Amino acid sequence: MRVSTTRIGRCLAVAAIVPCLVALSGCGGGGPQKLATGAVKGKVTYKGNAPPAGSKILFMHQEKSFPATADIGADGSYTLLFNGKPAIPVGTYKVSVTPPPAKDAGPPPDPSNPEAYKKYMMGEAKAPAADPATAFPKKYQSGETSGLTCTVVENQETVFDVEMKD
C-alpha cells in the first residue's frame, strides 16, 4: 500500500496543531480567574499634619508580596491603587509610609565666593532641614517596623487612617 505525500503532510499538520489547540484551551476551561478585590482609602497624619508633599503609602500583601500604593494628598488623604486601579486584592497587608525623595541642596554656589564654593566641593554644605511639622518617625518607612497592618475584605471599602506617633 502506498501513502501519498499529501496525506502524510496532512497527518503531520494535524499532529502539530492538535497539541497547540489543547494547550490554548487550558485545563480548567474557565480562562483567567478574577481576583477578589476590595477598596482602601484613608488619611495619614503626624502630629495633626499631613506628611510632606510627595509622600506615598505602600501596602505589601503578606502572602503574595505584591504592592498597592497611593500618593498622599496635601490634606493627608489617599486612595490605594493596584495596577493603576482602586481594586485591591483581598488579604492582609503590611503598611509603610515613605517620604518624598531627598531634594537636591540646589545649584552649586558661585565660584566667586571661594569659601562657600570650597564648602560645597568638600561636601560640607548642608541640605535645608526638614520642616519639623511635616517630618515623621523613620519606623513608618518600612512595613517590617511600622507595626501597621490592614486587611482588605472582598467587595468592601476599608477606611484605613494612619496617625503616626513618636
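Please read these numbers as outputs of a predicted model, since none were measured by experiment.

### Quick word on the side chain of Thr45
Checked against the element boundaries, Thr45 lands in strand 1 (residues 37-46). Classification of Thr45 by relative accessible area gives buried; the value is 17%. Setting aside anything within four residues of it in sequence, one finds Thr45 in contact with Val162, Glu163 and Met164.

### Remarks on the pattern of salt bridges
Within the structure shown, the criterion is met by 5 salt bridges. The partner of Asp71 in a salt bridge is Lys56, with the nearest N and O atoms 2.3 Å apart. Highlighted residues: Asp71 in strand 3 (residues 67-71) and Lys56 in strand 2 (residues 56-61), separated in sequence by 15 residues. Of the residues examined, Asp71 reaches a relative accessible area of 52% and is grouped as exposed.

### A few points about unusual backbone geometry
Phi angles above zero are rare outside glycine, and Ser65 is one such case at about 55°. Among the secondary structure elements, Ser65 is positioned in the loop between strand 2 and strand 3. Classification of Ser65 by relative accessible area gives exposed; the value is 53%. With a phi angle near 55°, Asn83 is a residue other than glycine that sits in the positive phi range. For Asn83, the location among the structural elements is in the loop between strand 4 (77-79) and strand 5 (88-89). For Asn83, a relative accessible area of 68% corresponds to the exposed category.

### A look at the confidence of the model for the protein
Across the protein, pLDDT averages 79, with 66% of residues at or above 70. Across residues 11-16, confidence stays below pLDDT 50; counting only partners more than four residues off in sequence or on other chains, it has 1 contact.

### Observations concerning the pairing of strand 2
Because side chains alternate across strand 2, one face comprises the buried residues Ile57, Phe59 and His61, and the other comprises Lys56, Leu58 and Met60, none of which is buried. In this sheet, strand 3 lies alongside strand 2 in antiparallel orientation, the contact comprising 5 bridges. Residue pairing in the sheet places Leu58 in a bridge with Thr69 of strand 3. Here strand 2 hands over to strand 3 after 5 residues, with Ser65 in that stretch at a positive phi of 55°. In this structure, strand 2 lies alongside strand 6 (residues 91-98), joined through 6 bridges in antiparallel fashion. Across the sheet, residue Leu58 finds its bridge partner in strand 6, namely Ser96.

Each value, and the rule that gives it
- Residue positions within a chain follow its written sequence, with the count starting from 1.
- Given that this is a predicted model, residues contribute local features only at a pLDDT of at least 70 and side-chain atom pairs are listed and counted only at 80 or more, while totals for whole chains, interfaces and linings are drawn from all residues.
- Neither water nor hydrogens contribute to the side-chain values; these are computed over all heavy atoms in the structure.
- Under the DSSP-based scheme used, a helix requires at least four consecutive residues in state H or I and a strand at least two consecutive residues in state E, with every element numbered from the N terminus.
- Residue exposure (1.4 Å probe, protein chains only): buried if accessible area is under 20% of the type maximum, exposed if over 50%, otherwise partly exposed.
- Working rule for contacts: check all heavy atoms of both residues, and any pair within 4.5 Å makes them a contact.
- Salt bridge, as applied in this entry: a Lys or Arg side-chain nitrogen positioned within 4 Å of an Asp or Glu carboxyl oxygen.
- The quantity called pLDDT is the predictor's confidence in a given residue, expressed from 0 to 100.
- For two strands to be treated as a pair, DSSP must find at least two bridges joining them.

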